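The lines below spell out each chain.
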Amino acid sequence: QVQLVESGGGLVQPGGSLRLSCAASGSIISIVSMGWYRQAPGKQRELVARHSSGGTTNYADSVKGRFTISRDNAKNTVYLQMNSLKPEDTAVYYCNAQRRSSSRTEYAYWGQGTQVTVSS
């Protein structure tokens with residue numbers, strides 16, 4: 001099992017910045033990737049950014065150049081630095097961790113979600 005605790009959401013004006021944090025605990029040794037998804041009202045949950053244990057990162061096209069995902073292995077924490085925020089970034093942001101078992105089965109774990117609102 002993996003537990004994820006998020007922090008850092010809030011209200012920010014367009015053009016502003018926020019940093020989200022997600023701390024993992026539990027069976028962290030078998031985590032193969034961590035990332036952030038978001039879900040706006042009436043829309044499907046979508047990938048924002050992902051960081052694999054090998055160091056590879058990938059981003060949604062809509063956030064490339066504005067958001068940066070990073071991971072501190074010593075703290076078992078993944079961060080999402082969000083700059084130049086736009087109203088369309090408004091959503092509930094969810095931390096995700098993918099854990100691979102000894103049988104190679106992959107399990108998904110989710111944080112509780114943190115609201116990000118971009119508005120003037």
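The following paragraphs examine the structure supplied in this document. Computed from a predicted structure; not experimentally measured. (Residues numbered from 1 in each chain as written. Predicted model: local features only at pLDDT ≥ 70, side-chain atom pairs only at ≥ 80, totals over all residues. Heavy atoms only, no water.)

Take the pairing of strand β8 (residues 77-82) next. By the criterion of burial, β8 is predominantly enclosed, with 5 of the 6 residues buried. In the sheet, strand β3 (residues 18-26) pairs with β8 via 6 bridges, with the strands oriented antiparallel. Following the sheet pairing, R19 is matched in β8 by Q81. Strand direction decides the pairing type here: strand β7 (residues 67-72) and β8, joined by 6 bridges, are antiparallel. In the sheet register, T68 faces β8, and the bridge partner there is Q81. (Buried < 20%, exposed > 50% of the residue type's maximum accessible area, 1.4 Å probe, protein only. Helix = DSSP H or I, 4+ residues; strand = E, 2+ residues; numbered from the N terminus. Pairing = 2+ DSSP bridges.)

All chains considered together, the criterion is met by 1 disulfide. For C22, the disulfide goes to C95, at an S-S distance of 2.0 Å. Between C22 and C95 the disulfide shows an S-S torsion of about -85°. By sign, it is left-handed. Remark: C95 occurs in strand β9 (residues 91-100) and C22 occurs in strand β3; sequence separation between them is 73 residues. Assessed through its relative accessible area of 0%, C95 is described here as buried. (Disulfide = S-S within 2.5 Å.)

With that out of the way, let us pick up the packing of aromatic side chains. Scanning all chains against the criterion turns up 1 aromatic pair. Measuring from centroid to centroid gives 5.0 Å for Y37 and W110, while their planes differ by 70°, and the two rings are edge-to-face. Placement of the pair is Y37 in strand β4 (residues 31-39) and W110 in strand β10 (residues 106-110), with a sequence separation of 73 residues. Above the face of the Y94 ring, R45 is positioned so that its terminal group lies 3.8 Å from the ring centre. (Phe/Tyr/Trp six-rings, centres within 6.5 Å; stacked < 30°, edge-to-face > 60°. Lys NZ or Arg CZ within 6 Å of the ring centre and 35° of its normal.)

Spatially, the 4 strands line up as an open sheet ordered β1-β3-β8-β7, and their pairing is antiparallel. Because the sheet does not close on itself, it has two edges, and the strands there are β1 (2-7) and β7. For this sheet the average axis-to-axis angle between neighbouring strands, irrespective of direction, equals 15°. Direction of pairing for β1 relative to β3: antiparallel, over a ladder of 6 bridges. In the sheet register, E6 faces β3, and the bridge partner there is C22. (Axes fitted to C-alpha atoms, helices over the stretch in contact; angles between N-to-C directions.)

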